[in-house]
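# Chains, contacts and geometry: an overview
Given next are the chains, with one letter for each unit.
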Amino acid sequence: MLDYKYYKCNDKNNETIVLLHGLGGNYGIFSKQIATFKKQFHVLAINLPGHGKSPGTSTYDKPFTSDLVVDKLLHTLDELKIDKAHVVGISLGSVVAHHMLQRAPEKVKSAVLGGAITRFTPLATFLLLAGTAVKRFVPYMWLYKLFAYIMMPKANHATARKVFIREAVKMNRQDFLAWYNLAFTVKETYADVQKKGKNVPKLYISGEEDHLFVEPLLEDTKSDKLARHLVLEECGHVCNVEKPKEFNAASLEFFNKHRSKHEPVSSAL
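Keep in mind that this is a model prediction, so the values were computed, not measured.

This next bit is on unusual backbone geometry. Of note, K81 is a non-glycine position whose phi angle comes to about 60°, a positive value. Relative to the helices and strands, K81 resides in the loop between helix 2 (66–79) and strand 4 (85–90). K81 gets classed as exposed once you look at its relative accessible area, which sits at 71%. At E234, a position not held by glycine, the phi torsion is positive, near 50°. Looking at the secondary structure, you find E234 in the loop between strand 7 (227–232) and helix 11 (239–242). E234 gets classed as exposed once you look at its relative accessible area, which sits at 55%.

Right, let's get into empty space enclosed by the protein. Evaluated as defined, the whole model comprises 1 cavity of 30 Å³ or more. By volume, the largest cavity amounts to about 560 Å³. Secondary-structure elements contributing two or more residues to the lining of the largest cavity are helix 2, helix 3 (92–103), helix 4 (122–134), helix 5 (140–151), helix 7 (173–182) and helix 8 (186–190). Split into classes, the residues belonging to the lining of the largest cavity amount to 26 nonpolar, 6 polar and no charged.

Another aspect to go through is the layout of surface pockets. There is about 200 Å³ of room inside the largest pocket. In this structure, the largest pocket is lined by P201, L203, L226, R228, H229, L230, A250, E253, F254, K257 and H258. Mapped onto the lining of the largest pocket, the elements with two or more residues apiece are strand 7 and helix 12 (244–257). The element contributing the most residues to the lining of the largest pocket is helix 12, with 4 residues. Here the residues of the lining of the largest pocket are counted per class, giving 6 nonpolar, 2 polar and 3 charged.

This paragraph deals with the pairing of strand 2 (residues 16–20). Strand 2 sits mainly inside the fold: 5 of its 5 residues count as buried. Every second residue of strand 2 is oriented toward a common face, with T16, V18 and L20 on one face and I17 and L19 on the other, all of them buried. Both strand 2 and strand 3 (residues 42–46) contribute to a ladder of 5 bridges, which runs parallel. What sits directly across from V18, in strand 3, is L44. Between strand 2 and its parallel partner strand 3, the chain crosses via helix 1 (residues 31–37), and the hand of that crossover is right-handed.

For helix 4, spanning 13 residues, the distance from its first C-alpha to its last is 19 Å, which sits close to the expected 18 Å at 1.5 Å a residue. Of the residues making up helix 4, those classed as buried are A124, L127, L128 and G131. Buried residues of helix 4, seen end-on, are gathered within an arc of 100° and therefore sit on one face of the element. Away from the buried face of helix 4 by more than 90 degrees, exposed residues P122, F126 and A133 are located. Tucked inside the fold, the buried residues of helix 4 contact helix 5 and helix 7.

For strand 6 (residues 202–207), the buried fraction is high: 6 of the 6 residues fall into the buried class. Of the two faces of strand 6, the one carrying K202, Y204 and S206 and the one carrying L203, I205 and G207 are both buried. In this sheet, strand 6 lies alongside strand 5 (residues 108–114) in parallel orientation, the contact comprising 4 bridges. Paired with A111 across the bridge in strand 6 is K202. Across 6 bridges, strand 6 lies against strand 7 in parallel orientation. Note on strand 7: the bridge partner recorded for I205 is L230. Once the chain exits strand 6 it traverses helix 10 (residues 214–221) before rejoining the sheet at strand 7, and the crossover so formed is right-handed.

With 12 residues, helix 5 ought to run about 16 Å at 1.5 Å a step, and its terminal C-alpha atoms sit 16 Å apart, in line with that. Residues of helix 5 that are buried include every one of Y140, M141, L143, Y144, F147, A148 and M151, and no others. Relative to the axis of helix 5, the buried residues are bounded by an arc of 155° and lie together on one face. Its buried side turned inward, helix 5 meets helix 4, helix 6 (158–168) and helix 7.

Rules used in this analysis
Residues numbered from 1 in each chain as written. Predicted model: local features only at pLDDT ≥ 70, side-chain atom pairs only at ≥ 80, totals over all residues. Heavy atoms only, no water. Helix = DSSP H or I, 4+ residues; strand = E, 2+ residues; numbered from the N terminus. Buried < 20%, exposed > 50% of the residue type's maximum accessible area, 1.4 Å probe, protein only. 1 Å grid on protein atoms, 1.4 Å probe; cavity = no way out; pocket = protein on both sides within 12 Å on 5 of 7 lines; lining within 4 Å. Points joined across faces, edges and corners; volume = space filled by probe spheres on them. Nonpolar A, V, L, I, M, F, W, Y, C, P; charged D, E, K, R; others polar. Pairing = 2+ DSSP bridges. Right-handed = clockwise from strand over helix to strand, strands pointing away. Expected span 1.5 Å × (residues − 1). Arc of directions from axis to C-beta. Contact = heavy atoms within 4.5 Å.

Any functional reading would require information beyond the geometric quantities listed.
Following this line, the structure appears as structure tokens:
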């Protein structure tokens, strides 16, 4: 079972928001969301395999794939008796959420995807291939820091960049490289989302300065009738860290719109 923290709202009948972090991070990147979200919803913050205290990527008896990650996520939800939840995915977490929408859309009530990734631009693909060529010879943190600065190059991205670099130090090399290898399957994790997850409302929140991912995202999701988009000004890849007030307000408005009608809505903000 994956490592998690489950924050219960005062109203035991409330619905649950599941939080999925990015590569190298952990559920701590949602520190600016949890206090706000748990006033109106139960909040389940999960550490993905190889992050935090979750099992490492090499501990499983099957190859480490996106299917395995979703299997472990679904197992955790089942163990906690969560039949259906709202999902928040940031960066890598959006990739996991997309694959969940392909594998088990019936488990997702609605989804907010921040800094979402549907495919890589030619530049991002080149960088991944370049990293593959040298990853056996250089410390993995060099690669991580390089990508962090390429993805989040501006001064106003500094806080998000520092958070991810600080947390990535806690990740071991084997787990980092296992996830790195999965990056080449990102396009596959989105391929059938609009078909299989067609009944799931989605809100994509991106920074206008998310230069590697925002344009492909907007192009790929424009035909999804249940997808909505919010592009935040002067914001980079990790929008929940850089613009938490805007991210939280838009997310809660969206989740409340799509909560079951019989569920109560707290007025506390």
